[in-house]
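Chain and residue survey
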Amino acid sequence: MLLIWGVHRYILIAAAVLPAIFLMRYVYHSDRLEKESPFMLRRLVLSGILATFCAMITEQVCIWLLNCLVSRQNALYAILEFFVIVAFAEEGAKYIFLRRATWTSPEFNCQYDGIVYAVFLSLGFALWENIRYVLMYGLSSALVRAVTAIPGHACFGVFMGVWYGLAKRFELGGRAQASRTCRIIAVLCPALLHGLYDYIATAGHAPYSWIFVIFVGLLFLTSFLLVHHASTHDRFFSRASW
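In what follows, the accompanying structure is described. These numbers were taken from a predicted model, which means no experiment stands behind them. (Residues numbered from 1 in each chain as written. Predicted model: local features only at pLDDT ≥ 70, side-chain atom pairs only at ≥ 80, totals over all residues. Heavy atoms only, no water.)

Okay, the overall build of the chain next. Scanning the chain from N- to C-terminus turns up eight helices and zero strands. Put simply, the chain runs from its N terminus to its C terminus through helices and strands in the order α-α-α-α-α-α-α-α. Across the 242 residues of the chain, 48% fall into the buried class. Nonlocal contacts in the chain, meaning residues at least 24 apart in sequence, comprise 81% of its contacts between residues at least 6 apart. (Helix = DSSP H or I, 4+ residues; strand = E, 2+ residues; numbered from the N terminus. Buried < 20%, exposed > 50% of the residue type's maximum accessible area, 1.4 Å probe, protein only. Contact = heavy atoms within 4.5 Å.)

So, on to the side chain of Thr102. Tracing the backbone through its elements, the reader meets Thr102 in helix 3 (residues 75-102). For Thr102, a relative accessible area of 0% translates into the label buried.

The next thing to look at is the nonpolar core. Residues Leu44, Leu98, Tyr112, Ile115 and Phe120 are the most contacted members of the largest nonpolar core, which totals 41 residues. Secondary-structure elements contributing two or more residues to this core are helix 1 (2-29), helix 2 (38-69), helix 3, helix 4 (113-137), helix 6 (149-172), helix 7 (176-201) and helix 8 (206-232). In terms of residue count, the dominant contributor to this core is helix 4 (ten residues). Apart from residues lying up to four places away in sequence, Ile115 is in contact with Val27, Val158, Gly161, Val162, Leu226, Val227 and Ala230. Phe156, Leu193, Ile200 and Leu219 belong to the second largest nonpolar core, which has eleven residues in total. (Core = buried A, V, L, I, M, F, W, Y, C linked by side-chain atoms within 4.5 Å.)

The next subject is the pattern of salt bridges. Evaluated as defined, the whole model comprises two salt bridges. Among the salt bridges present, the one from Glu171 reaches Arg183, with a minimum N-O distance of 3.7 Å. With Glu171 in helix 6 and Arg183 in helix 7, this residue pair connects regions lying twelve residues apart in the sequence. Take Glu171: its relative accessible area is 35%, and that puts it in the partly exposed class. On the basis of relative accessibility, which here comes to 15%, the residue Arg183 falls in the buried class. (Salt bridge = Lys/Arg side-chain N within 4 Å of Asp/Glu carboxyl O.)

What follows concerns the packing of aromatic side chains. For any pair of aromatic rings, the description consists of the separation of the ring centres together with the inter-plane angle of the planes. Tallying each qualifying case throughout the model produces eleven aromatic pairs. Taking the centre distance of 5.8 Å and the plane angle of 50° together, the rings of Phe83 and Tyr199 count as tilted. Taken together, the residues span a long stretch of sequence, with Phe83 in helix 3 and Tyr199 in helix 7 at a distance of 116 residues. For Tyr199, a relative accessible area of 29% puts it in the partly exposed group. (Phe/Tyr/Trp six-rings, centres within 6.5 Å; stacked < 30°, edge-to-face > 60°.)

Its location among the elements puts Cys155 in helix 6. Through-space distance from the C-alpha of Cys155 to that of Ala118 is 9.7 Å; in sequence the pair is 37 residues apart.

Contact geometry of helix 2 with helix 3 gives a least axis separation of 8 Å together with a crossing angle of 150°. Between helix 2 and helix 3, the angle falls in the class roughly antiparallel. Classified by chirality, the crossing of helix 3 by helix 2 is right-handed. Its residues placed into classes, the contact of helix 2 with helix 3 shows 18 nonpolar, four polar and six charged. (Axes fitted to C-alpha atoms, helices over the stretch in contact; angles between N-to-C directions. Parallel < 35°, antiparallel > 145°, perpendicular 65-115°, else oblique. Left-handed = near helix turned anticlockwise from the far one by under 90°. Nonpolar A, V, L, I, M, F, W, Y, C, P; charged D, E, K, R; others polar.)

Quick look at the structure:
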């Protein structure tokens, strides 16, 4: 019996991990100019895992405060929970760890690097979150999250990375205000998408199921096109390019 449980546990973990690894490989191999070092990629995944703990603590504190101020039956509750607390706790934590790990790194020398960094960190976040979910709720949870939540985090990472890489280009080009604006958007954009994702997914009404499918499909398609465009048009940072 213990052997069967052990095998089952490994199957659950594999189901949680494999989708993240697949997406990491896709984004990594789309980098045409200069692949990032294994050290940097491992650091990003670890940073994503650490970000889950920071986000979890922030969410718990903020949800407690929200419960003290707003009734769960109030429509405002769900909006504040998903669009403000969860979205900004998770995407904000990701961004803080992303910036700390990469902003001053000499490896950050191409605009597409911003996408690689943000996606790897986001998938580190999703990987640990997924392991926790499947060990609690089983294999069915892993299968659902494999086609929704994990790619969802990767998509949020793509949007963050697009603006993060552009912010770095503006910074090196001497356009400090434009860089700050892009860094703000690098948090706001994925946070808005994250909030929409969670709000629609948990609405619980039949029409929202179709809206969720359409939303996720558009999110995945747009992210794929952004990765393809950014990879195809990538270039090294150079002051001369300005």
